[in-house]
Amino acid sequence: MGRFDAMKAFVRVVETGSFTRAAATLHMSRTTVTQLVQQLEARLRLKLLNRTTRKVNVTADGAAYYERIVQVLDTLEEIETSLPHAAALPRGQLRVDVPSPLAALLLVPALPTFHALYSDIVLDMGASDRMVDVIADNVDCVIRGGAITDQSLMARKLADLPLGVYAAPAYLQRVGTPLHPLDLQDSAHRIVRFRWGRSGNGNGFPYVMHREGQSVKIHGQYVLSIDDGNAYLAAGVAGLGVLWLPDYMARAHVARGELLPLFPAWTVDPMPLYLAYPPNRHVSKKLRVFIDWVAELMAQHAARPAAITATD
């Protein structure tokens, strides 16, 4: 292995804070990564990393070297594709992580169009609602609903997804149909609560609803709190409580009569959808075209459609 392999190994150790995690993301052994970094230090005659039994810290020289070399590595692919005889279209592997409902209902069905345009891009997609560490997990970008709380990441807002309130017919038959959002505060009603992030706190919870200048906050009681979008939807369809859903998740279930929309005269603040990627990185051509494609796709779902009813 050569100098560039050593540079890549060093960058991954800095970004993950661990030789073991760096080795896993590079598909190398920990011994190989350690040797590559040692070779790099010997060549530079500099100590780049301080190693302890618990963690790895970058030295002042190592931090300066990292800032310069990460830009070099991130532009190599761009340089190669810009050569006169190189392929004009972007190519290579792109690691992305997206919410599972968004992947299943919107992104994956649209991917044939993306691959028709960019057949040389290989997507390695994680589809879950877990909070991915973009740096440590070596992900090129993530798409998430709600505000991006990690201020160290670069973020682009893709869309504001319209939200609605829904419940299963079985739930309404059992408990009764609420006529006002505040009815959900009554002891008889239950909501299904969605847990955001590692802490399980509600991002955007309590829900705020508006009508003719009036705003109310809905807390509600829940018998189930869950951190996966598909399971959250399944819980509502099963009649476990009232849901707040993006329209794209609710539409098919409303059409089949599995969910009924509530409070048609009220509106809910839309859910912002963001794409985030690591800081201090040159945005490669393959990532740039993916971001633009996703933004165009999400724009189709940003404007609120006609009211969803059971007869649509």
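Look above for the structure.
Residues numbered from 1 in each chain as written. Predicted model: local features only at pLDDT ≥ 70, side-chain atom pairs only at ≥ 80, totals over all residues. Heavy atoms only, no water.

Turning next to the overall build of the protein. In terms of regular secondary structure, the protein is built from nine helices and 15 strands. For the protein, buried positions account for 43% of its 312 residues. Summarising the internal contacts of the protein: among those between residues at least 6 apart in sequence, 76% fall at separations of at least 24. Carbon and sulfur atoms provide 53% of the accessible area of the protein, an area that totals close to 15900 Å². (Helix = DSSP H or I, 4+ residues; strand = E, 2+ residues; numbered from the N terminus. Buried < 20%, exposed > 50% of the residue type's maximum accessible area, 1.4 Å probe, protein only. Contact = heavy atoms within 4.5 Å. Areas by Shrake-Rupley, 256 points an atom, 1.4 Å probe, with all protein chains shown as cover.)

Look at helix α3 (residues 30–44): 21 Å from first C-alpha to last across 15 residues, which is about the 21 Å you get at 1.5 Å a residue. Listed as buried for α3 are Val-33, Thr-34, Leu-36, Val-37, Leu-40 and Glu-41. All buried residues of α3 fall inside an arc of 160° around its axis, so they share one side. For α3, the exposed residues set more than 90 degrees away from the buried face come down to Ala-42 and Arg-43. Arg-45 occupies a position one or two residues after α3 and carries a positive phi of about 55°. (Expected span 1.5 Å × (residues − 1). Arc of directions from axis to C-beta.)

Before going further, it helps to spend a moment on the sheet that holds strand β13 (residues 260–262). Within the open sheet, the three strands sit side by side as β12-β7-β13. Their pairing is antiparallel. The open sheet has two edge strands, β12 (243–246) and β13, and neither has a second partner. The mean inter-strand angle of the sheet, taken between neighbouring strand axes irrespective of direction, is 55°. Across the sheet, helix α8 (residues 247–255) is in contact with β7 (163–167), β12 and β13; its angle to β12 comes to roughly 105°. (Pairing = 2+ DSSP bridges. Axes fitted to C-alpha atoms, helices over the stretch in contact; angles between N-to-C directions.)

In a regular helix each residue adds 1.5 Å, so 18 residues correspond to 26 Å; helix α5 (residues 100–117) covers 24 Å between its end C-alpha atoms and thus fits that length. Of all the bends found along α5, the most pronounced is centred on Leu-107 and spans about 45°, while Pro-109, a proline, follows it within four residues. Those residues of α5 that fall on the buried side of the exposure criterion are Ser-100, Pro-101, Leu-102, Ala-103, Leu-106, Leu-107, Ala-110, Leu-111 and Phe-114. (Bend = angle between axes of the 7 residues up to and from the residue.)

What follows deals with the packing of helix α1 (residues 3–16) against α3. Relative orientation of the contacting elements α1 and α3 amounts to 110°, with a least axis distance of 8 Å. As far as their axial angle goes, α3 and α1 are roughly perpendicular. Along its contact with α1, which presents Arg-3, Asp-5, Ala-6, Met-7, Ala-9, Phe-10 and Val-13, the element α3 presents Val-33, Leu-36, Val-37, Leu-40 and Arg-43. Class assignment of the residues belonging to the contact of α1 with α3 gives a composition of nine nonpolar, no polar and three charged. (Parallel < 35°, antiparallel > 145°, perpendicular 65-115°, else oblique. Nonpolar A, V, L, I, M, F, W, Y, C, P; charged D, E, K, R; others polar.)

On to the packing of aromatic side chains. Counted by the stated rule, this structure contains seven aromatic pairs. Between Phe-114 and Trp-293, the aromatic rings sit 5.0 Å apart at their centres with planes inclined by 55°, giving tilted as the arrangement. Of the two residues, Phe-114 sits in helix α5 while Trp-293 sits in helix α9 (residues 285–299), which places them 179 residues apart along the sequence. One exposure class covers both Phe-114 and Trp-293, and it is buried. Judged by centre distance (5.6 Å) and plane angle (80°), the ring pair of Phe-194 and Tyr-232 falls under edge-to-face. In this pair, Phe-194 sits in strand β8 (residues 191–194) while Tyr-232 sits in helix α7 (residues 229–237), placing the two residues 38 residues apart along the sequence. (Phe/Tyr/Trp six-rings, centres within 6.5 Å; stacked < 30°, edge-to-face > 60°.)

For the rest of this paragraph, the subject is the sheet that holds strand β14 (residues 267–268). Strand order in the open sheet made by the three strands is β10-β9-β14, with antiparallel pairing throughout. Edge strands, defined here as strands with exactly one partner in the open sheet, are β10 (214–218) and β14. Note that strand β9 (residues 207–211) and β14 share two bridges and pair antiparallel. Among the inter-strand pairings, His-210 is bridged to a residue of β14, identified as Thr-267.

Position of Thr-16 relative to the elements: it lies in helix α1. Classification of Thr-16 by relative accessible area gives buried; the value is 5%. With 117 residues separating them along the chain, Thr-16 and Asp-133 place their C-alpha atoms 9.4 Å apart.

For the rest of this paragraph, the subject is the nonpolar core. One finds Trp-244, Phe-290 and Met-298 to be the most contacted residues of the largest nonpolar core, which totals 63 residues. Counting residues per element, this core draws most heavily on α9, at nine residues. Once residues within four sequence positions are removed from consideration, Met-298 is found in contact with Leu-102, Leu-106, Leu-107, Leu-158, Ala-159 and Leu-273. Of all hydrophobic cores here, the second largest spans 21 residues; its members include Ala-23, Leu-49, Val-56 and Leu-73. (Core = buried A, V, L, I, M, F, W, Y, C linked by side-chain atoms within 4.5 Å.)

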